[in-house]
Structure formats: C-alpha cells, structure tokens
Amino acid sequence: MSPQLANLAQAGSLIAAAWFELCGHSVSWPLEPCRYDLLVWMGKSATRVQVKTTTVKQGTSWTVWISNTGKQRTTYDPDEIDNFFIIDGDFNYYLIPVAAVGGLTAIQLSAYAAYRLPRDVLDRPLRWTS
C-alpha cells in the first residue's frame, strides 16, 4: 500500500487540517456548504481556508486552479475566504492569502514560492512523551 496522486484531491482537506493541527492551531469543519473548507483558529482569531490540490505540472511549475468549477469558473474574494492552502503533486504546501491572487482562476506555484510552508515539522523524527 502506498499513497497515490490520484487520491490527492480527496485527501487535501485532511492533509491541510493535519498540518494546521501539527502547528498547534485548532481546526473546525463547516457544517453547511461554504466557500471555505476549513476554519482555522490561530490564537483568538479564525481564518477561512480554501484547500486546493494539483497534479498538473507544466514544465518545472505546478499549475493549480484557484477557482471553483461549474458551467463557468468563479473566483474567490476576501469576503468569502482568507487563505488558500495548496498541496502540489510533490507534497509541498503553500498558504497564500486570497488578496495575493485576487481574481485569478489559476496560478503557477513557482511564482508563489514565498508562500511555500516549511516542511521541517515533517522531516524531524517524532519524539513520544508520556
């Protein structure tokens, strides 16, 4: 048994929630359909997070759709969400404010390297305490 990229879209919200929890933030899941996937509590304030995944690589950069599908792609705005949590096919994570991509339907992640999250939490050996 091994992880398959074909399952990344289904696992995206779970991976994002785990990342936030590993960083010490509480995660809530919306009970009703919302434009955001997660509500993340950072201290006393909450941030609305839309999770996106991509397995599409063009050249050396991953392309991710940051809009929703339907008859016509619809973009997100700051009244609906605060951040995108993006997972690419190499399992790199990005936390990009919606204001940084305002109105775009897709982005090349190589242009957003400054928003790539550190992986050191995943690279360190876990130490169990009792």
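Just so you know, these numbers come straight off a predicted model, no measurement behind them. (Residues numbered from 1 in each chain as written. Predicted model: local features only at pLDDT ≥ 70, side-chain atom pairs only at ≥ 80, totals over all residues. Heavy atoms only, no water.)

Draft legend 1. Here's a closer look at the packing of aromatic side chains. Summed over the entire model, instances satisfying the criterion amount to six aromatic pairs. A ring pair is formed by F20 and F85, whose centres lie 5.4 Å apart and whose planes are at 55 degrees; its orientation type is tilted. You can see F20 sitting in helix α1 (residues 8-22) and its partner F85 sitting in strand β8 (residues 83-87), a full 65 residues away along the chain. Summarising the aromatic geometry, the rings of Y76 and F84 are spaced 5.6 Å apart at their centres and angled 85 degrees between planes, so their arrangement reads as edge-to-face. Given the relative accessible area of 7%, Y76 is considered buried. Positioned over the ring face of W65 is R73, at 3.9 Å from the centre of the ring. (Phe/Tyr/Trp six-rings, centres within 6.5 Å; stacked < 30°, edge-to-face > 60°. Helix = DSSP H or I, 4+ residues; strand = E, 2+ residues; numbered from the N terminus. Buried < 20%, exposed > 50% of the residue type's maximum accessible area, 1.4 Å probe, protein only. Lys NZ or Arg CZ within 6 Å of the ring centre and 35° of its normal.)

Draft legend 2. Representation of the sheet that holds strand β10 (residues 106-108). Read from one edge of the open sheet, three strands run β4-β5-β10, paired in antiparallel fashion. Strands with a single pairing partner mark the edges of an open sheet, and in this sheet they are β4 (56-58) and β10. The sheet shows a mean angle of 30 degrees between the axes of neighbouring strands, taken without regard to direction. Where β4 and strand β5 (residues 61-65) come together, three bridges link them in antiparallel fashion. By the bridge assignment, V56 is partnered in β5 with T63. (Pairing = 2+ DSSP bridges. Axes fitted to C-alpha atoms, helices over the stretch in contact; angles between N-to-C directions.)

Draft legend 3. Spotlight on the layout of surface pockets. Each pocket or cavity is described by its volume, and for the largest pocket that value is around 180 Å³. In terms of lining, the largest pocket is formed by 14 residues, of which the most central are T53, T54, T55, V64 and W65. Of the residues forming the lining of the largest pocket, the biggest block, three residues, is contributed by β5. Grouping the amino acids of the lining of the largest pocket by side-chain chemistry returns six nonpolar, six polar and two charged. (1 Å grid on protein atoms, 1.4 Å probe; cavity = no way out; pocket = protein on both sides within 12 Å on 5 of 7 lines; lining within 4 Å. Points joined across faces, edges and corners; volume = space filled by probe spheres on them. Nonpolar A, V, L, I, M, F, W, Y, C, P; charged D, E, K, R; others polar.)

Draft legend 4. Up close: the sheet that holds strand β3 (residues 45-53). An order of β1-β2-β3-β8-β9 is seen for the five strands of this open sheet, with the pairing classed as mixed. A strand with exactly one partner marks an edge of an open sheet, and here the two such strands are β1 (26-28) and β9 (93-97). Sheet twist, expressed as the mean angle between neighbouring strand axes with direction ignored, is 30 degrees. Relative to β3, strand β2 (residues 38-42) runs antiparallel, the two being bridged by five bridges. What sits directly across from M42, in β3, is S45.

Draft legend 5. Molecular detail of the nonpolar core. One finds I66, F84, I86, I96, V101, I107 and L109 to be the most contacted residues of the largest nonpolar core, which totals 16 residues. Where this core is concerned, the elements lending two or more residues are β5, β8 and β9. Aside from chain neighbours lying at most four places away, what touches F84 is Q50, K52, I66, Y76, Y94, L95, I96, V98 and V101. By size, the runner-up hydrophobic cluster in this structure holds 15 residues, among which are F20, V27, I87 and Y93. (Core = buried A, V, L, I, M, F, W, Y, C linked by side-chain atoms within 4.5 Å. Contact = heavy atoms within 4.5 Å.)

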